[in-house]
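Survey of secondary and tertiary structure
Listed here are the chains, written in short residue letters.
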Amino acid sequence: MLIDTHAHLFDERLAAELPAVLARAEQAGLAHVICIGIDRESSLASIEIARRFPLVAAAVGIQPNHVAEAAPGDWDAIVALAESEPLVHAIGETGLDRYWDRAPFAMQEDSFARHMALARRLGKPFIIHCRDAEADTVRMLREEHDRHGPPRAVMHSFSGDLATAEACLAMGLYLSFAGMLTYKTAADLRAIAAKVPLDRLLVETDCPYLAPVPHRGKRNEPAFVSHTAAVLAEAKGVSVAEIEEWTTRNARELFDLTGR
Ligand SMILES: [Zn+2]
């Protein structure tokens, strides 16, 4: 059994054939798929998909590359959904991104802080997107940690260096690995993954983007998460069954999936 902890099922490349995509996910042994919102519209869509498919749980938030384009009422809508919809299991994705540089950095920081405060107030975990902004992400997480205790959160599609991984682990975060882990050139990332304790590991697809080998270059989907799990097992020097057991247990715990 596996849990894909980060999927964008509302994306048009997947949405048109969701019943088939999720049937393949079930055949591949997936216990759950977490569908992650990136703005108001996709957060609503994530809840709608979770309503239609018992395999799916939702997360709502405004991704850092979308904070500048958000309309005035969008954040309030996210808050209302998080407060009232039982299918919302997490807040996110949120975080910081200097790579695309689509929103002023101060605006991203303000949004990240609001997502963390919302998650804390509602007792829900949050999902962190971090690209070319490791130092600032760790700084903001440390402020949160020192003021309010260990954040209940995951660094999604982790691609940072060892120091970043260690700083996040020391604060009690989970690290989630995506298809990039399977790429030939990602030996450094596999070396970092090897050092993450089993009880801190998660796997994800981040579909429809960045499919793992042997599907690289094609549209990604939840069923492909098994390839990333296999590479993670090899990097850790443990069996695939152990990776399945640990990552599924971790995801159930983080996202409060027991009873779903
Ligand atoms: Zn994402």
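Residues numbered from 1 in each chain as written. Predicted model: local features only at pLDDT ≥ 70, side-chain atom pairs only at ≥ 80, totals over all residues. Heavy atoms only, no water.

Take the overall build of the protein chain next. For the protein chain, the helix and strand inventory stands at 10 helices and 8 strands. Taken over C-alpha atoms, the radius of gyration comes to 17 Å for the protein chain, in line with the 18 Å a tight globule of 260 residues would show. Taking the principal axes of its C-alpha atoms as reference, the protein chain extends roughly 45 × 40 × 35 Å. Expressed as a percentage of its 260 residues, the buried residues of the protein chain come to 57%. In the protein chain, once contacts between residues fewer than 6 apart in sequence are set aside, the share between residues at least 24 apart is 73%. Accessible surface computed for the protein chain: about 10800 Å², of which carbon and sulfur atoms make up 52%. Taking the average place of the 27 positive charges on the side chains of the protein chain and the average place of its 37 negative ones, the gap between the two points comes to 2 Å. (Helix = DSSP H or I, 4+ residues; strand = E, 2+ residues; numbered from the N terminus. Rg over C-alpha atoms; globule rule 2.2 N^0.38 Å. Buried < 20%, exposed > 50% of the residue type's maximum accessible area, 1.4 Å probe, protein only. Contact = heavy atoms within 4.5 Å. Areas by Shrake-Rupley, 256 points an atom, 1.4 Å probe, with all protein chains shown as cover. Lys, Arg positive; Asp, Glu negative; His and termini not counted. Charge placed at Lys NZ, Arg CZ, Asp CG, Glu CD.)

So, about the coordination of the zinc ion. Ideal values for angles at a metal depend on the geometry: 109.5 degrees with four tetrahedral donors, 90 or 180 degrees with six octahedral donors. Taken together, His-6 (NE2), His-8 (NE2) and Glu-93 (OE) make up the full set of protein donors to the zinc ion, lying 2.1 Å away. Each donor residue of the zinc ion belongs to the same chain, with the gaps between them written as H-x1-H-x84-E. In this pair, His-8 sits in the loop between strand S1 (2-7) and helix H1 (12-15) while Glu-93 sits in strand S4 (residues 88-97), placing the two residues 85 residues apart along the sequence. (Donors = N, O, S within 2.8 Å, 3.2 Å for Na, K, Ca; no water.)

All right, on to the pattern of salt bridges then. A complete count under the given rule lists 17 salt bridges for this structure. A salt bridge links Arg-40 to Asp-74; the shortest N-O distance between them is 3.3 Å. Residue Arg-40 is located in helix H3 (residues 40-52), and its partner Asp-74 is located in helix H4 (residues 74-84); the two are separated by 34 residues in the primary sequence. Using a relative accessible area of 35% as the deciding quantity, one classes Arg-40 as partly exposed. Between Arg-114 and Asp-110 there is a salt bridge; the shortest N-O distance is 2.8 Å. With Arg-114 and Asp-110 both in helix H5 (residues 105-122) and 4 residues apart, this pair spans about one turn of that helix. Residue classification places Arg-114 among the partly exposed positions, given a relative accessible area of 31%. (Salt bridge = Lys/Arg side-chain N within 4 Å of Asp/Glu carboxyl O.)

Taken as a whole, this structure holds 3 aromatic pairs when the rule is applied. Judged by centre distance (5.0 Å) and plane angle (90°), the ring pair of Tyr-99 and Trp-100 falls under edge-to-face. Residue Tyr-99 is classed as partly exposed on the basis of its relative accessible area of 42%. Judged by centre distance (6.5 Å) and plane angle (70°), the rings of Phe-112 and Phe-126 are edge-to-face. Pair noted here: Phe-112 is in helix H5 and Phe-126 is in strand S5 (residues 126-131), with a separation of 14 residues, a long-range link. Residue Phe-112 is classed as buried on the basis of its relative accessible area, which comes to 0%. We note Arg-200 situated over the ring of Tyr-174; from NZ or CZ to the ring centre the distance is 4.2 Å. If you follow Arg-216 out to its NZ or CZ, it ends over the ring of Tyr-183, 3.6 Å from the centre. (Phe/Tyr/Trp six-rings, centres within 6.5 Å; stacked < 30°, edge-to-face > 60°. Lys NZ or Arg CZ within 6 Å of the ring centre and 35° of its normal.)

A few words now on the packing of helix H8 (residues 187-195) against helix H9 (residues 225-236). Across the interface, H8 lies against H9 with an axial gap of 8 Å and an inter-helix angle of 70°. In terms of axis orientation, H8 runs roughly perpendicular to H9. Where H8 approaches H9, its residues Arg-190, Ala-193, Ala-194 and Lys-195 are matched on the opposing element by Val-231, Leu-232, Ala-235 and Lys-236. Residue composition of the contact of H8 with H9, grouped by class: 5 nonpolar, no polar and 3 charged. (Axes fitted to C-alpha atoms, helices over the stretch in contact; angles between N-to-C directions. Parallel < 35°, antiparallel > 145°, perpendicular 65-115°, else oblique. Nonpolar A, V, L, I, M, F, W, Y, C, P; charged D, E, K, R; others polar.)

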